[in-house]
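As a plain string of letters, each chain reads:
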Amino acid sequence: MSAILSISGLTKTYASGLQALKKVDLEIRKGEIFALLGPNGAGKTTLISIVCGIVTASSGTVVADGHDIVRDYRDARMKIGLVPQELTTDTFETVWATVTLSRGLFGRAPNPALVEKVLRDLSLWDKRKDKIMTLSGGMKRRVMIAKALAHEPSILFLDEPTAGVDVELRRDMWAMVRRLRDEGVTVILTTHYIDEAEEMADRIGVIRKGELILVEEKATLMRKLGRKQMTLQLQEPMQAIPEGLSDWNLTLRDGGHGLEYSFDVHEEKSGIPELLRRMGELGIGFKDLNTEQSSLEDIFVSLVSTRTESAS
Amino acid sequence: MRFNRHGVWAIYHFELARFRRTVWQSLMTPVITTSLYFIVFGAAIGSRMSEVNGVPYGAFIVPGLIMLSLFTESIFNASFGIYFPKFTGTIYEILSAPVSPAEIVLAYVGAAATKSMLIGSVILLTANFFVPVQILHPFWMVAFLILTAVTFSLFGFIIGVWAKGFEQLQVIPMLIVTPLTFLGGAFYSIDMLPPAWRTFSLFNPIVYLISGFRWSFYGESDVAIEVSLLATLGFFGLCLLVVGWIFKSGYRLKN
Ligand SMILES: Nc1ncnc2c1ncn2[C@@H]1O[C@H](COP(=O)(O)OP(=O)(O)O)[C@@H](O)[C@H]1O
Ligand SMILES: [Mg+2]
């Protein structure tokens, strides 16, 4: 698939001297949902702000749908919609006025029917004449999404769209993102909620301290790094793992009542039958057994912490 | 050269909507203040004043009054117009939109100048009820009105970009523009001053603006009309340069 957004060698050093991005290269494919995952301060917002024209890059280039974001900023920006992280709205204006403003700002001729559709899709139609300051936080966030969609962008950035958002809006938002993808819009979202990336994204990029440390298909990533845990509830608690079981990657849990075996789901052999057989030979009984697949969260944590260790 | 006319119109329209919502306050204030000026200066004091250069005192102060309003309203509207989105953070949208700096300035300055010219016209109409206002050079009157409104709106835009707090929005109008206007012959002819003060006044740029505007009404001026026009254009050019520099350097707008 072709790239709709190409970022190459992007760096940003703020006036304070802080280097927020370090030579970031990234290609976003047309029509995908891409999740940029990273802890606070990793540089996610900085990256988005550069692409959208709010922050000036120190070096590097960004091409959006064939248009350089600096040289050809008008064409590039018309394609891009942004829902920023912060809730910033025109408090004293009506929903209708602020969404209409956005459409015009992005160079589109007035189109009340389209604005109506956007507002209806976001359950904002009944509120169109209300001043924004009278709306709840969740509604304000919907207004910001409506503003970003008013000019029919083909690339949509959602910067931590569900931070501090209630369950209903979160669900609506995910549904909206899928609908947009079905309409051919490319969606790039940042988050530090792993489940969000896991649930939504086609591909995932992990950013840490201004460096993009990994970009991968979600499925591949899960497969590559996915580990499973099997926990055995022991009949008799154990002080230490017996010599005879040292071939397996075991940890004692629950004050010796639980025995956890961690294994890679993609190994040829899980080693479970052998483990259970050996335990039988050693006379170690268990009451219960359950397995758990590690989530993206675990992957993320292990990835970030491994890098931290190797860096220090 | 491309021009995002929808974008410019959207900002302009949005800015004027705020004005339209409060149109009564916005227009009643100048009507009332002007009336008060005429009751105090025109009737009470003006009746004891002789004519100034052959113009009755009440009528003489009309151009100065309009100018005073044009200055303060243009600066206030433009500085507030750009400062407010900076303050609330909604400026992100303007910075990320396909509008050029020149278009942003055109929209904000256009809206601010429109408002202040409306208010200036209301003052003129109100004054007409109290004193015999004459406009000898209507073309130049309108030209000075527009040029001044646009120039001071540009000036206000600069202040709005520069300001880091609401107090700073007030500082320059209050500490510099209003005093210079009062000392700049809004309510008297600088010919009435002692020679030393008169010379001193010529360093006050406002003198040239008011003098030119008054000339378009009564054909009388403190300084030559060409000099007034040049001074007004000069200030306009200076503001344009500063605004151009702000956008080129991203000063206080972008990181
Ligand atoms: N305007 C700014 N001036 C200086 N430093 C900044 C500015 N904005 C962000 N930073 C710094 O850049 C780093 C990356 O920030 P940001 O892009 O907001 O991260 P994220 O969105 O991943 O939380 C942080 O260390 C942050 O403190
Ligand atoms: Mg952020």
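Scroll up to find the structure.
Keep in mind it's a predicted model, so treat the numbers as computed, not measured.

**A short note on the site of ligand 1**
In the vicinity of ligand 1, 13 residues are found, and the nearest of them are Gly41(A), Gly43(A), Lys44(A), Thr45(A) and Thr46(A). Residues near ligand 1 are shared among chains A and B, making this a multi-chain site. Measuring from an oxygen atom of ligand 1, one finds a side-chain N or O atom of Thr45(A) at 2.7 Å. Against a free-state accessible area of 560 Å², the protein chains account for coverage of 67% of ligand 1. If you tally residues by element for the shell around ligand 1, the top one is helix H1 (residues 44–52) of chain A, at three residues. Taken together, the residues that form the shell around ligand 1 break down as five nonpolar, seven polar and one charged.

**Points about the pattern of salt bridges**
Within the structure shown, the criterion is met by 20 salt bridges over all chains. In this structure, the salt-bridge partner of Asp75(A) is Arg2(B), at a minimum N-O distance of 3.0 Å. With one member in each of two chains, Asp75(A) in helix H2 (residues 73–79) and Arg2(B) in the segment before helix H1 (5–21) form a pair that bridges those chains. On the basis of relative accessibility, which here comes to 22%, the residue Asp75(A) falls in the partly exposed class.

**With respect to the environment of Gly38(A)**
Mapped onto the elements of the fold, Gly38(A) is located in the loop between strand E3 (33–37) and H1. Taking the C-alpha atoms as reference, Gly38(A) lies 5.8 Å from Arg208(A); in sequence the two are 170 residues apart.

**A word on the sheet that holds strand E4 (residues 59–64) of chain A**
All names here are of chain A. Strand order in this open sheet of four strands is E2-E1-E4-E5, and the pairing throughout is antiparallel. Edge positions in the open sheet fall to strand E2 (19–29) and strand E5 (67–68), since each of these has one partner strand only. As paired elements, E4 and E5 share two bridges and run antiparallel to each other. Bridging from a neighbouring strand, Val 63 pairs with Asp 68 of E5. Against the sheet, H1 makes contact with strand E1 (3–13), E2 and E4, and its axis sits at roughly 115° relative to E1, the strand it touches most.

Rules and cut-offs
Residues numbered from 1 in each chain as written. Chains lettered and ligands numbered in written order. Predicted model: local features only at pLDDT ≥ 70, side-chain atom pairs only at ≥ 80, totals over all residues. Heavy atoms only, no water. Near = heavy atom within 4 Å. Polar contact = N/O pair within 3.5 Å; in protein donor to acceptor, adjacent residues only side chain to side chain. Areas by Shrake-Rupley, 256 points an atom, 1.4 Å probe, with all protein chains shown as cover. Helix = DSSP H or I, 4+ residues; strand = E, 2+ residues; numbered from the N terminus. Nonpolar A, V, L, I, M, F, W, Y, C, P; charged D, E, K, R; others polar. Salt bridge = Lys/Arg side-chain N within 4 Å of Asp/Glu carboxyl O. Buried < 20%, exposed > 50% of the residue type's maximum accessible area, 1.4 Å probe, protein only. Pairing = 2+ DSSP bridges. Contact = heavy atoms within 4.5 Å. Axes fitted to C-alpha atoms, helices over the stretch in contact; angles between N-to-C directions.

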